[in-house]
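Coordinates in review
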Amino acid sequence: MEDSSVVELPVSGAQEEISNDVKRPQFGNRFLSNEDDVFRHNAWDNVEWDEEQEHAALEGVRKNSTVKMSDQNAAKLELQADANWNKFYAIHQNRFFKDRHWLFTEFPELAPRNTKDAPERVFPAGTNCAGSGLTSNVSVDFEVVQRTILELGCGVGNTVFPILKYSVEKNLKIYASDFSEQAIQILRESKEFDEKRCEAFVLDATAENWDVPFEENSIDIVVLIFVLSAINPDRMQHIANQIGRYLKPGGLVLLRDYGRYDLAQLRFKPGKCLKENFYARGDNTLVYFFTQEDLRTLFQNAGLVEEQNIIDRRLQVNRGRMIKMYRVWVQVKFRKPFTNK
């Protein structure tokens, strides 16, 4: 499953032409210091909200959550989730999403050996980045050890294909799973798909037992990119527990998803809210908006140790229409300890 509300949500760290051959700084590296400059570029990183904006966001969510969707309609959406996602991919195929140029900026662990240097994430002044997970004291000989990556909700391959393209690890193995049969079919038919290094399969991550082609305690990295938000909050802990079960000791989970009061949440109309901070989009796919504490609770309850937990606020602007759009994402990294305490 992929995000379906806005085309490739994080405006990437790809260097976009601005003017006179001046390139856009890498993702996470452009800060707005003068409000008069706001419409000079398409996006600004780590933009803090003032009290008035926080209050407006709270009020917006209160209003669109007042009228809840009926239990009957909510249950219907849950039962038809697979059909809705298959329909989504049948319509959009692989044209909906753009390359995630920011992928290795945020998660350099995905390709520690790659065909080009991965840029480093730049954090705003005052941010506590200790234990951010950008480096690890775990030493791995990639020439000898086979490293395994599992992506839950791989969609049509927007995370898988960049890893296959840039990683030069001889023994890399990627397991790509998605709830949608349509998405897996599109991924397998892509010219970029490499069946020697990647195995793609359908998986309902909410199922009590997972039917997967690998053993427990065997996965080095589990990736979730705008995926957990599509799950009913009642099943999220189960998924976190399963991730903990299949990660090997020392293994890492990498997640990026919607943050509370993101523009997408504030845009919902009354009647689209199933439960607190959980909504139905116009195409009947579902989306939840996280706090840092939500994710901390899920993964710590699954026995994992927090290495990174940040709010990523971006200001995107429409320079033609002079419109400001505030995006909020959460990004976390949790590691499975080597010994159970």
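The paragraphs below set out a description of the structure included in this document. Just so we're clear, the structure is a prediction, and the values are computed from it rather than from any experiment.

Before going further, it helps to examine the overall build of the protein chain. Counting its secondary structure elements, the protein chain contains 9 helices and 13 strands. Sorting the 341 residues of the protein chain into buried and exposed places 51% on the buried side. Counting only contacts in the protein chain whose residues sit at least 6 apart along the sequence, the fraction spanning at least 24 positions is 76%.

A few words on the packing of aromatic side chains. Applying the stated rule across the entire model yields 12 aromatic pairs. Between Trp 210 and Tyr 246, the ring centres sit 5.5 Å apart and the planes meet at 5°, which makes this aromatic pair stacked. You can see Trp 210 sitting in the loop between β6 (198-202) and β7 (219-225) and its partner Tyr 246 sitting in helix α7 (residues 233-246), a full 36 residues away along the chain. Ring plane angle 50° and centroid distance 6.5 Å describe the contact between Phe 278 and Tyr 288, whose orientation is recorded as tilted. One end of the pair, Phe 278, is in strand β10 (residues 278-280); the other, Tyr 288, is in strand β11 (residues 286-288), with 10 residues separating them in the sequence. These aromatic residues form a ring-pair network of at least three members: Phe 226, Tyr 258, Phe 268, Tyr 279 and Phe 289.

Now for the pattern of salt bridges. Per the counting criterion, the structure on display carries 14 salt bridges. One salt bridge in this structure joins Asp 234 and Lys 275, with 3.0 Å as the shortest N-O distance. A residue pair is termed long-range when its members are at least 10 positions apart, and Asp 234 in helix α7 and Lys 275 in strand β9 (residues 273-275) qualify at 41 residues. Since its relative accessible area comes to 58%, Asp 234 is described here as exposed. Note on Lys 275: relative accessible area 26%, which makes it partly exposed. Between Arg 296 and Glu 293 there is a salt bridge, with the nearest N and O atoms lying 2.8 Å from each other. Here Glu 293 and Arg 296 lie together in helix α9 (residues 292-301), a separation of 3 residues that amounts to about one turn. Look at Arg 296 and you get partly exposed, because its relative accessible area is 22%. The partly exposed category is assigned to Glu 293, whose relative accessible area is 44%. Overlapping salt bridges bring together Glu 106, Arg 256 and Asp 312 as one network.

Basis of the calculations
Residues numbered from 1 in each chain as written. Predicted model: local features only at pLDDT ≥ 70, side-chain atom pairs only at ≥ 80, totals over all residues. Heavy atoms only, no water. Helix = DSSP H or I, 4+ residues; strand = E, 2+ residues; numbered from the N terminus. Buried < 20%, exposed > 50% of the residue type's maximum accessible area, 1.4 Å probe, protein only. Contact = heavy atoms within 4.5 Å. Phe/Tyr/Trp six-rings, centres within 6.5 Å; stacked < 30°, edge-to-face > 60°. Salt bridge = Lys/Arg side-chain N within 4 Å of Asp/Glu carboxyl O.

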